[in-house]
Amino acid sequence: MADCTTLDSLLEMGFSRNRAEKAVAFTGNQGIERAMDWLMEHENDPDIDEPYVPPAGNVLGSELPDDVTEDPMEIAEGCDAEGEDNAVAKRPLTEEEKQQQIKRLEELMAQKQHEREEREKREAVEREKQRRKQGQELSVVRQKMQEDEMKKIVEERRREKMEEKLAKQRVREKIERDKADRARKFGMGESVPSSSPVEATSVPPSVSQEPLAKKEYDECRLQIRLLDGSTMTQTFKAKEQLAAVRLYVDLNRKDGATPFNFMTSFPRRMFAEEDMEKPLQELGLVPSAVLIVIKK
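These figures come from a predicted structure and were not determined experimentally. (Residues numbered from 1 in each chain as written. Predicted model: local features only at pLDDT ≥ 70, side-chain atom pairs only at ≥ 80, totals over all residues. Heavy atoms only, no water.)

Enquirer: With reference to specific residues and values, describe the overall build of the protein chain.
Expert: When helices and strands are tallied, the protein chain shows eight helices and five strands. For the protein chain, the succession of helices and strands along the chain, N to C, is α-α-α-α-α-α-α-β-β-α-β-β-β. Within the span of the protein chain, comprising 296 residues, buried residues form 24% of the whole. Counted over contacts in the protein chain with a minimum sequence separation of 6, partners at least 24 positions apart contribute 62%. Put simply, the protein chain shows about 21,300 Å² of open surface, and 52% of that area lies on carbon and sulfur atoms. (Helix = DSSP H or I, 4+ residues; strand = E, 2+ residues; numbered from the N terminus. Buried < 20%, exposed > 50% of the residue type's maximum accessible area, 1.4 Å probe, protein only. Contact = heavy atoms within 4.5 Å. Areas by Shrake-Rupley, 256 points an atom, 1.4 Å probe, with all protein chains shown as cover.)

Next comes the structure, spelled out in structure tokens:
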């Protein structure tokens, strides 16, 4: 009678017979509350309104819970049979009792609906927490990747600066070696006339009457005026190239790293790129001169 009451109650509440029979079958005939819970949980199932088909041979399968012992069709037929056998003993519900039962079931349904909504809210909050946690973890990973990239860039710049520094050092060393080689060659050239006084005395008297030869200078003292107005002074060999002066300025200047050229104000002359390979003596900068640094 309890199963019959559950099925009848669901039908009286307005549920279709298909839904009512499935609820009774899949809850194992355990009362109206379990049936209501099942209906609330499966109301969106695509096959909820399809007729219930009991397993072949009325044998419980994987689709039914272990505690299902009766088929809803049998329950309905049993209810009809019992109704016929016990028509006299069973007192029909009055209208008031039906309304009370329906009201109680509606309250139960509302309670189950409220509980489901609260559960869905809690699940939504939990999903949001998980989403934020994943977002924070992703942000940490992204930040670490950016930090690693910055470290890589800084290391690359440091390596480039070191290579540039070593390259300049090699250039300075080469210049020093060239200076030393030129100094040795120039010293050997001077020792020749000093070691042959006899040849000097053998010059005919007529030569002494000729004008004296122009004095040869082996050094060049340059005053260099930079872009910011400051000056630096340095002595170079007369046969050193103008490129050596440019390198000296590039290594020792404090007014920035702007590309530059040289010029003289008197006589006014601007030195071109091809002049960089010419010695200072050939450019008329010996024994001393003022070079002005200008922007390219």
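Don't stop here, the text continues.
Enquirer: Please provide a residue-by-residue account of the sheet that holds strand β2 (residues 231-237), values included.
Expert: Read from one edge to the other, the open sheet built from five strands follows the order β2-β1-β5-β3-β4, with strand pairing classed as mixed. Every other strand in the sheet has two partners, leaving β2 and β4 (268-270) as the edge strands with one partner each. Each strand of the sheet is rotated relative to its neighbour by a mean of 30 degrees, with strand direction disregarded. Bridge analysis of strand β1 (residues 219-225) against β2 gives seven bridges, and the strand direction is antiparallel. (Pairing = 2+ DSSP bridges. Axes fitted to C-alpha atoms, helices over the stretch in contact; angles between N-to-C directions.)

Enquirer: Please provide a residue-by-residue account of the environment of A244, values included.
Expert: Residue placement: A244 occurs in helix α8 (residues 242-252). Note: C-alpha distance between A244 and I175 (69 residues apart in sequence) is 7.5 Å.

Enquirer: Kindly report on the packing of aromatic side chains, identifying the contributing residues and their values.
Expert: Throughout the structure, instances matching the rule amount to four aromatic pairs. On the basis of an interplanar angle of 5 degrees and a centroid distance of 5.5 Å, the ring pair of F26 and W38 is categorised as stacked. On the criterion of sequence distance, the pair formed by F26 in helix α2 (residues 17-26) and W38 in helix α3 (residues 32-41) is long-range, its members being twelve residues apart. Aromatic side chains F236 and Y248 sit 5.7 Å apart centroid to centroid with 85 degrees between the ring planes, which places their arrangement in the edge-to-face category. Pair noted here: F236 is in strand β2 and Y248 is in helix α8, with a separation of twelve residues, a long-range link. Look at Y248 and you get partly exposed, because its relative accessible area is 21%. In textbook terms, an aromatic cluster arises when at least three aromatic residues are bridged by ring pairs, as seen for F26, W38 and Y52. (Phe/Tyr/Trp six-rings, centres within 6.5 Å; stacked < 30°, edge-to-face > 60°.)

Enquirer: Describe in detail unusual backbone geometry, supporting the description with residues and values.
Expert: Leave glycine aside and you will find that most residues have negative phi; peptide bonds, for their part, are mostly trans. With an omega dihedral of -5 degrees, the bond running from F266 to P267 counts as a cis peptide bond. By secondary structure assignment, the location of P267 is in the loop between β3 (260-265) and β4. Cis geometry marks the peptide bond from V286 to P287; its omega dihedral reads 5 degrees. Residue position: P287 is located in the loop between β4 and β5 (288-295).

Enquirer: Give a description of the pattern of salt bridges that names residues and reports values.
Expert: Throughout the structure, instances matching the rule amount to 18 salt bridges. The closest approach of N and O atoms between D49 and R19, which form a salt bridge, is 2.6 Å. One end of the pair, D49, is in the loop between α3 and α4 (72-85); the other, R19, is in helix α2, with 30 residues separating them in the sequence. Taking relative accessible area as the criterion, R19 reaches 21% and is therefore assigned partly exposed. Its salt-bridge partner being R159, residue E163 comes within 2.5 Å of it at the nearest N-O pair. (Salt bridge = Lys/Arg side-chain N within 4 Å of Asp/Glu carboxyl O.)

Enquirer: Could you give an account of the nonpolar core, naming the residues involved and the relevant values?
Expert: Core analysis: the biggest nonpolar cluster contains 19 residues, and L222, I224, L242, V245, F262, L285 and L291 have the highest contact counts within it. Looking at this core, the elements that each hand over two or more residues are β1, β2, α8, β3 and β5. Excluding residues within four positions of it along the chain, I224 makes contact with S230, T231, M232, V245, Y248, V249, F262, L291 and V293. (Core = buried A, V, L, I, M, F, W, Y, C linked by side-chain atoms within 4.5 Å.)

Enquirer: Which residues make up α2, and what are the values?
Expert: Among the residues of α2, those classed as buried are A20, E21, K22, A23, V24 and A25. Note on α2: the residue one or two positions beyond its end, G28, has a positive phi of about 75 degrees.

Enquirer: I'd like a rundown of the pairing of β3, residues and numbers included.
Expert: The side chains of a regular strand alternate between both faces of the sheet. β3 sits mainly inside the fold: five of its six residues count as buried. Pairing analysis gives four bridges linking β3 to β5, with the strands arranged antiparallel. Bridge pairing in β5 links F262 to V293. By the bridge criterion, three bridges tie β3 to β4 in an arrangement that is antiparallel. Bridge pairing links T264 to R269 in β4.

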